[in-house]
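# Reading the structure
Here are the chains, one letter per residue:
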Amino acid sequence: MLAVETVNLTFKYGDITALNCVNFKAKKGEVTIVLGPNGAGKTTLLMHLNGLLKPLKGVVKIFGKEIRYDKKSLMKLRRTVGYIFHNPDDQIIAPTVWQDVAFAPMNLGLKNVDEVVDRALRWMGIEHLKDRLCNTLSNGEKRRVAIAGVLAMDPKIVIMDEPTAGLDGFGVRELIEIIERLKREKKTVIISTHDLSFANEVGDHFAVMFEGRIVYEGDFVPNDVARRFGLRGVYGRLIVNKSSSNTPELALIEALKGKKVVISRKDFRRIEGLLDGLPIRVEFHESHKG
Ligand SMILES: Nc1ncnc2c1ncn2[C@@H]1O[C@H](COP(=O)(O)OP(=O)(O)OP(=O)(O)O)[C@@H](O)[C@H]1O
Ligand SMILES: [Mg+2]
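Below: a short report on this structure. Here the structure is a predicted model, which means the values were calculated and not measured. (Residues numbered from 1 in each chain as written. Chains lettered and ligands numbered in written order. Predicted model: local features only at pLDDT ≥ 70, side-chain atom pairs only at ≥ 80, totals over all residues. Heavy atoms only, no water.)

## Remarks on the sheet that holds strand S7 (residues 81-84)
The condition is simple: Two strands pair under a simple rule: DSSP has to find at least two bridges between them. Helix and strand definitions follow DSSP, with helices as H or I runs of at least four residues and strands as E runs of at least two, each counted in order from the N terminus. Axes, fitted as lines to C-alpha atoms, cover a helix only where it is in contact. Angles between the N-to-C directions of the axes lie from 0 to 180 degrees. Contacts are assigned to residue pairs that have any heavy atoms within 4.5 Å of one another.
With mixed pairing, the six strands of this open sheet are ordered in space as S7-S8-S9-S4-S10-S11. Whereas interior strands pair on both sides, the edge strands pair on one side only; in this sheet they are S7 and strand S11 (213-218). For this sheet, the mean angle separating the axes of adjacent strands, direction not counted, is 15 degrees. Sheet topology note: the strand S10 (residues 205-210)/S11 ladder contains five bridges and is antiparallel. The residue of S11 that forms the bridge with Val208 is Tyr216. Relative to the sheet, helix H2 (residues 71-80) contacts S7 and strand S8 (157-161), its axis offset from that of S7 by approximately 75 degrees.

Structural data, given as C-alpha cells:
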C-alpha cells in the first residue's frame, strides 16, 4: 500500500520551476530516501507532503486520499504527517524543552500530555534537557528536541528534511536507531539527504532528484547514478545469508557498483580479507549463525 503518492506534481517559485511533473511514491512501513544535489527540489517536494506548499499542478495523495487545503483538513493531515524541518530553529517555538515538546499535544487537546512528552523525550534520549531553555542548546540538541516535538504527536508518516545536518557521528548513529525504531513501529518514513552512506544504512527505497524531476528510482543507488548526481559517500551492501547462488567475485563487483547483494557464509569467508577499506557494508542476516 502507498502511504504517499504525488501525481504529476508541479510547483514554481515565481519563474523558477522547482518541481516538474514529479511522480513520487512511498510505501507504507518503508523508509524512502529522497536524494539529489542542492536545489534539486527535495525540500519543495517534502513540503507538499503535509500541505506546507500547495501544488501548482498535480495532486498529493496520503493513504490514497487527495490532500484538501481547507484549514480543518490541513489540521487533520498534520496529525498524520509529521514534518521535521531542515533547520531546528524553524521548528522550536516554546521557551523550554518540555514546553516545546508539549506544544502540539496540548494544542490537540490530548489528556495525557505528561505521558506523551515523557515518552518523546525518552525516545530522543533528552530527558535531562527537559527544563533547559531551547535557545541555550547546541545545534544537535536542538535537532533532537525538534524531532521529539514531532514524535510526540505520534504521526503515521514522519518526514525528515536532511536530518543528519549538524549532527556528529554519535548523533547520526542515534538517528539511525530512531529511524529503525520508527520502522519497527510500522511508521512510514521519508527522508531527504545528500549523504548516501546514511541513506544506505536506513533506506528501503531511493528516489534521486535533479532539476525538479525524479531521475532515478529503485531499491539501491548504483554508483554511476551517485556520481552523476553529486551524492556523497557511496557504498554497496553484502548481505551474508545461509546460501546464495552468487559467486563471491561477482558479488564483490556488484557490491562495488553500489548494489545490494546476497552472499553465502562460506563465500563470504573467502572474500572477507579483501573487504578492508572498500566502500561496502556487510550485514549478517538472522540465518547467519556461527
Ligand atoms: N522560497 C523560494 N523562493 C524562490 N526560489 C526557491 C525558494 N525555495 C527554493 N527555491 C528554488 O527552488 C529550487 C528547489 O529548491 P529546494 O529547496 O526544493 O531544493 P533542495 O533539493 O531541497 O536543495 P538543498 O539540497 O540545497 O536543500 C531551487 O532552484 C531553489 O533555488
Ligand atoms: Mg533542501
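## Considerations on unusual backbone geometry
If a residue is not glycine, its phi is most likely negative; likewise, a peptide bond is most likely trans. Note the threshold: Note on classification: 1.4 Å probe, protein chains only; a residue is buried when its accessible area is under 20% of the maximum for its type, exposed when over 50%, partly exposed between these limits.
A positive phi angle, close to 65 degrees, is found at Lys186, a residue other than glycine. Mapping Lys186 onto the fold places it in the loop between helix H6 (169-184) and strand S9 (188-193). For Lys186, a relative accessible area of 63% puts it in the exposed group. Here Glu211, not a glycine, exhibits a phi torsion of approximately 45 degrees, which is positive. If you trace the backbone, Glu211 turns up in the loop between S10 and S11. The class of Glu211 is exposed, set by a relative accessible area of 59%.

## Focus: the site of ligand 1
Cut-off, in case you're wondering: By convention in this text, a residue qualifies as near a molecule or strand provided that one of its non-hydrogen atoms is within 4 Å of it. Polar contacts here mean pairs of N or O atoms no more than 3.5 Å apart (in protein, one a potential hydrogen donor and the other a potential acceptor; neighbouring residues in sequence count only if both atoms are side-chain atoms). A 1.4 Å probe and the Shrake-Rupley method give the accessible areas. Residues count as covered only by the protein chains that appear here.
For ligand 1, the set of nearby residues contains 13 residues, the closest of which are Asn38, Gly39, Lys42, Thr43 and Thr44. Between ligand 1 and Asn38 there is a distance of 2.9 Å, counted from an oxygen atom to a side-chain nitrogen or oxygen. Within the side chain of His194, an N or O atom sits 3.3 Å from an oxygen atom of ligand 1. Here ligand 1 has 630 Å² of accessible area as a free molecule, and 61% of this is covered by the chains. Counting only elements with at least two residues in the shell around ligand 1, the list comes to strand S2 (16-22) and helix H1 (42-49). Sorting elements by how many residues they give to the shell around ligand 1 places H1 first, with three residues.

## So, helix H3 (residues 97-107)
Helical periodicity: at 3.6 residues per turn, an α-helix aligns residues three or four positions apart in one direction. Here H3 has its buried residues at Val97, Asp100, Val101, Ala102, Ala104 and Pro105. Two residues or fewer after H3 comes Gly109, characterised by a positive phi angle close to 75 degrees.

## Re the nonpolar core
Convention followed: For the purposes of this section, nonpolar cores are sets of buried Ala, Val, Leu, Ile, Met, Phe, Trp, Tyr and Cys residues that join through side-chain atoms within 4.5 Å.
Counting residues in each nonpolar core, the largest one holds 47 residues, and the members touching the most others are Leu35, Val101, Ile191 and Val221. Per-element accounting of this core gives the leading share, six residues, to helix H4 (residues 113-123). Setting aside residues up to four positions removed in sequence, Leu35 forms contacts with Lys42, Thr193, His194, Leu196, Ala199, Phe206, Ala207, Val208, Met209, Val221 and Leu231. Ala3, Leu45, Leu74 and Tyr83 belong to the second-largest nonpolar core, a separate cluster that totals 27 residues.

## A word on the pattern of salt bridges
Selection rule: Every case where a carboxyl oxygen of Asp or Glu lies within 4 Å of a side-chain nitrogen of Lys or Arg is listed as a salt bridge.
Inspection of the entire model under this criterion finds 15 salt bridges. Here Glu283 and Arg237 are joined by a salt bridge, their closest N and O atoms 2.8 Å apart. On the criterion of sequence distance, the pair formed by Glu283 in strand S14 (residues 280-284) and Arg237 in strand S12 (residues 236-241) is long-range, its members being 46 residues apart. Glu283 serves as the salt-bridge partner of Arg281, at 3.3 Å between the closest nitrogen and oxygen. Per residue, the accessibility class of Arg281 equals that of Glu283, and both read buried. Through salt bridges with shared partners, one network takes in Arg173, Glu201, Arg237, Arg281 and Glu283.

## Overview of the side chain of Arg281
Inspection of the secondary structure puts Arg281 in strand S14. On the accessibility criterion, Arg281 (17% relative accessible area) is buried. Within the structure, Arg281 has its side chain in polar contact with the side chain of Glu283 (distance 3.3 Å). When sequence neighbours within four positions are dropped, the list of residues in contact with Arg281 reads Asn200, Glu201, Tyr235, Gly236, Arg237 and Leu238.

## Digging into a positive patch on the surface
Worth spelling out the cut-off: Residues enter patches when their relative accessible area tops 30% and they take part in no salt bridge; the joining distance is 9 Å for like charges and 5 Å for the nonpolar side chains Val, Leu, Ile, Met, Phe, Trp and Tyr. Charge counting follows a simple rule: Lys and Arg are positive, Asp and Glu are negative, and His as well as the terminal groups are ignored. One atom stands in for each charge, and that atom is NZ of Lys, CZ of Arg, CG of Asp or CD of Glu.
On the surface, a cluster of positive charge is contributed by Lys65, Lys72, Lys76 and Arg79. Relative to the elements of secondary structure, Lys65 occurs in strand S6 (residues 65-66).

The values are spatial; any link to function lies outside them.
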